[in-house]
Amino acid sequence: SRPGGTPEELDVLIVGAGFAGLYQLDHLRRLGFRVALYEAGADLGGIWHWNCYPGARVDTYAQLYQYSREDLWRDWEYSELYPGWSELRDYFHYVDRKLDLSRDIRFGTRVTAAEFSSDLNRWIVQSGDGRVVRPRFLVMCTGFAAKPYLPEIAGLEEFGGAWHHTGLWPQGGLDLTGKRVGVIGTGASGVQVIQEAGRQAAHLTVFQRTPNLALPMRQRKLDHAEHERMKAHYPEWFALRSRTFAGFDYDMIPKNALEVSAAERRATYEALWEQGGFVPWLGTYQDMFSNEAANLTAYEFWRDTVRARIKDPTLAEKLAPTTPPHPFGVKRPCLEQWYYEVYNQSNVRLVDLNEDPIERVTRTGVRTRSGEHPLDILVMATGFDSLTGGLTAIGLRGTEGETLGQKWGRGVRAHLGMASAGFPNLLYIYGPQSPSAFCNGPTCAELQGEWVVACLEYLRRHDLTRIEATHAAEEDWRGHVQEMTETSLFPRARSWYMGANIPGKPRELLAYPGGLPMYLQKTRDCAEAGYSGFTLA
Ligand code: NA7
């Protein structure tokens, strides 16, 4: 409704115009549902709308970072193996032209609150523009990194230069050329912005707490002939996604690292490294995330390979320490191109926050224990309240007197990582305890998305208007995730996978560690049993 008018009734309200939301919009609309999509940003693209900092690009290679539909991939060519944010936006605009999606999208419309009305059996959803809409079902497609995290650092507001979080970068851009740039954070975003700042800035200061165990991107240009060669394999590669641990067209090696000779292991690590991308992470020995001794062999290979690129031994020790800061791959590695060479430049300084912590931000820079670092631009590459934050930031109020944020404040409960007891008719894609953190966006958008669409279709076919996860089912799911977590090395890193990057957030694995095939099997079993673990009415 317009402010003050009668609320509009919809079958489904989708929130978020990234890969997941657009998939839902296209499929549900085709099936004849009355549907609308609300997007807080001014344009399509989800994460790629917000993350337009220098160097922002995807860590999944081009062939899989798109929808698997032939009518879409047939005419699309990315110019690079790992496309940057601007080209990813072009892709979204291309999809929009093909599928005519924007006509059902309301941009610049942030959902600010939503409450389930048991009387109406509908969600009552409010948005920032004062509108109210009443969808039967609410499908949240807000992504796993929708809520930027800014640590409390004294004095930030006093800073006289420009400071920005990477996930809320100014849409008009910000020129780093000739500036004194500081970057706090060395996650995927930090590493990407550091590489660009290293080339553009007059001086660069990197404030590092934990080194990133970055892997070689092996970026390259793609020409038409190569696209044609790859496209011959697309159907087979897309089909492989649902059969591999992380939704790629390759899988973990079905051997344990220590069951082979040291020479074979080394040769394998070298071959994986040569391929680059996430292959040394998600295509390595199967016991990498559960066996510490096995894991250490991968860490040592990583460390020695990286150290060879860093000239100063003191810096090498900080960037690739002798003893691992955490086991390899249980905190998300990122892909780099010339990251380590940046530190060989004379205009770049690394501040190790463990020995030289930040005291405060001043008008002219950042002051650490050792003194002042004068800056014109401060980049906060400090990450996100991942997986849960985008959902809990919205006051989603269910039938048991609390919001989703209050409920999850005691730990996540999410049947199949997609629905919670007390929150009928609410489904979320890329949610906690689902495979989204390991699996790339389009893959999860399609594989989880397919399940959601089929579920809504099933309900309509059976004249059902209400679906709600049971308390028992979400406890079972939590137990299932916890059981797998206990035998893994994931709790050994202070990572966003574990909720450990946000003060006060419960420590628990927020990613599904069982791999995509197991996850998909469980979602199929649920559907085939008439949606077990849900109450339908
Ligand atoms: P990440 O991976 O969460 O990285 C955030 C970085 O910020 C990380 O290096 C943190 O250090 C650092 N950080 C956070 N708080 C502080 C404080 N208070 N002081 C110093 N340093 C801090 O976020 P990204 O945006 O890089 O990537 C997010 C995901 O998006 C990425 O994994 C992809 O899936 C896409 P820490 O490691 O915690 O010591």
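Above: the structure in question.
The rules behind these values
Residues numbered from 1 in each chain as written. Predicted model: local features only at pLDDT ≥ 70, side-chain atom pairs only at ≥ 80, totals over all residues. Helix = DSSP H or I, 4+ residues; strand = E, 2+ residues; numbered from the N terminus. Rg over C-alpha atoms; globule rule 2.2 N^0.38 Å. Buried ≥ 20, exposed ≤ 12 C-beta atoms within 10 Å, placed from the backbone. Near = placed C-beta within 6 Å. Nonpolar A, V, L, I, M, F, W, Y, C, P; charged D, E, K, R; others polar. Pairing = 2+ DSSP bridges. Axes fitted to C-alpha atoms, helices over the stretch in contact; angles between N-to-C directions. Contact = placed C-beta atoms within 7 Å. Expected span 1.5 Å × (residues − 1). Core = buried A, V, L, I, M, F, W, Y, C linked by C-beta atoms within 7 Å. Arc of directions from axis to C-beta. Right-handed = clockwise from strand over helix to strand, strands pointing away.

Explain the overall build of the protein residue by residue, including any values.
Secondary structure assignment for the protein yields 17 helices and 20 strands. Over its C-alpha trace the protein gives a radius of gyration of 23 Å, about what one expects of a compact globule, namely 24 Å for 537 residues. Its C-alpha atoms give the protein principal-axis dimensions of about 70 × 55 × 50 Å. Within the protein, the fraction of its 537 residues that count as buried is 48%.

Any chance you could break down the site of the ligand for me, citing the residues and the numbers?
In the region of the ligand, 21 residues are neighbours, and P151, G185, G187, R209 and G383 sit closest. By residue class, the composition of the shell around the ligand is eight nonpolar, 10 polar and three charged.

Account for the sheet that holds strand 12 (residues 348-352), naming residues and giving values.
In spatial order, the strands read 7-16-8-9-12; together these five strands make up an open sheet with parallel pairing. Two strands in the sheet have a free side with no partner beyond their single neighbour: strand 7 (162-165) and strand 12. Here the strands of the sheet are splayed against their neighbours by 15° on average, with no regard to which way each runs. By the bridge criterion, four bridges tie strand 7 to strand 16 (residues 377-380) in an arrangement that is parallel. Bridging across to strand 16, H164 finds its partner in V379. Along the sheet, helix 5 (residues 188-200) contacts strand 8 (180-184), strand 9 (203-208), strand 12 and strand 16; its crossing angle with strand 8, the most-contacted strand, is approximately 165°.

Help me get a handle on the sheet that holds strand 15 (residues 371-374), residues and values and all.
Taken together, three strands build an open sheet; the order of strands is 13-14-15 and the sheet is antiparallel. Taken across any chain shown, the strands that pair with only one partner, and hence form the sheet edges, are strand 13 (358-361) and strand 15. If you compare each strand with its neighbour and ignore which way they point, the axes differ by 25° on average. Bridge count between strand 14 (residues 365-368) and strand 15: four bridges; the pairing is antiparallel. Each residue of the ladder has a partner; that of T368, found in strand 15, is G371.

Go over helix 5 with me, naming the residues and quoting the values.
Its 13 residues place the ends of helix 5 19 Å apart at the C-alpha level, agreeing with the 18 Å of an ideal helix rising 1.5 Å per residue. Listing the buried residues of helix 5 in full gives A188, S189, G190, V191, Q192, V193, I194, A197 and G198. Next to the buried residues of helix 5 lie strand 8, strand 9, strand 11 (335-336), helix 12 (339-342), strand 12 and strand 16.

Lay out the nonpolar core in plain terms, naming residues and giving numbers.
One finds V12, L13 and V183 to be the most contacted residues of the largest nonpolar core, which totals 155 residues. Ranked by residue count, the leading element in this core is helix 15 (residues 441-461), at eight residues. The residues touching V12, leaving out its near neighbours within four places in the chain, are L28, F33, V35, P135, R136, F137, V139 and L456.

Residues and numbers for helix 4 (residues 85-99), please.
Under the 1.5 Å per step criterion, the end-to-end length of helix 4 is 21 Å for 15 residues, consistent within 8% with the ideal 21 Å. Buried within helix 4 are the following residues: W85, L88, Y91, F92 and V95. Angularly, the buried residues of helix 4 cover 110° about the axis, an arc narrow enough to put them on a single face. Away from its buried face by more than 90 degrees, helix 4 exposes S86 and R97. Buried residues along helix 4 sit against helix 1 (19-30), helix 2 (47-50) and helix 3 (70-73). Note on helix 4: the residue one or two positions beyond its end, D100, has a positive phi of about 55°.

An account of unusual backbone geometry is requested, with residue identities and associated values reported.
Here the phi dihedral of L416 falls at roughly 60°; this positive angle occurs in a residue that is not glycine. Among the secondary structure elements, L416 is positioned in the loop between helix 14 (404-408) and strand 18 (426-428).

Can you break down the pairing of strand 2 (residues 35-38) residue by residue, with the values?
It is a general feature of regular strands that their side chains alternate between the two faces of the sheet. Bridge analysis of strand 1 (residues 8-15) against strand 2 gives four bridges, and the strand direction is parallel. Bridge assignment links V15 to a residue of strand 2, and that residue is Y38. Read from strand 1 through helix 1 to strand 2, the crossover connection turns out right-handed. Here strand 2 runs beside strand 3 (residues 105-106); their pairing, made up of two bridges, is parallel. Within strand 3, the position partnered with L37 by the bridge is I105.

Describe the pairing of strand 16, with residues and values.
The side-chain alternation of strand 16 yields two buried faces, one formed by I377 and V379 and the other by L378 and M380. When strand 8 meets strand 16, the two strands line up parallel, connected through four bridges. Residue V183 lies in a different strand from strand 16, and its bridge partner there is V379.

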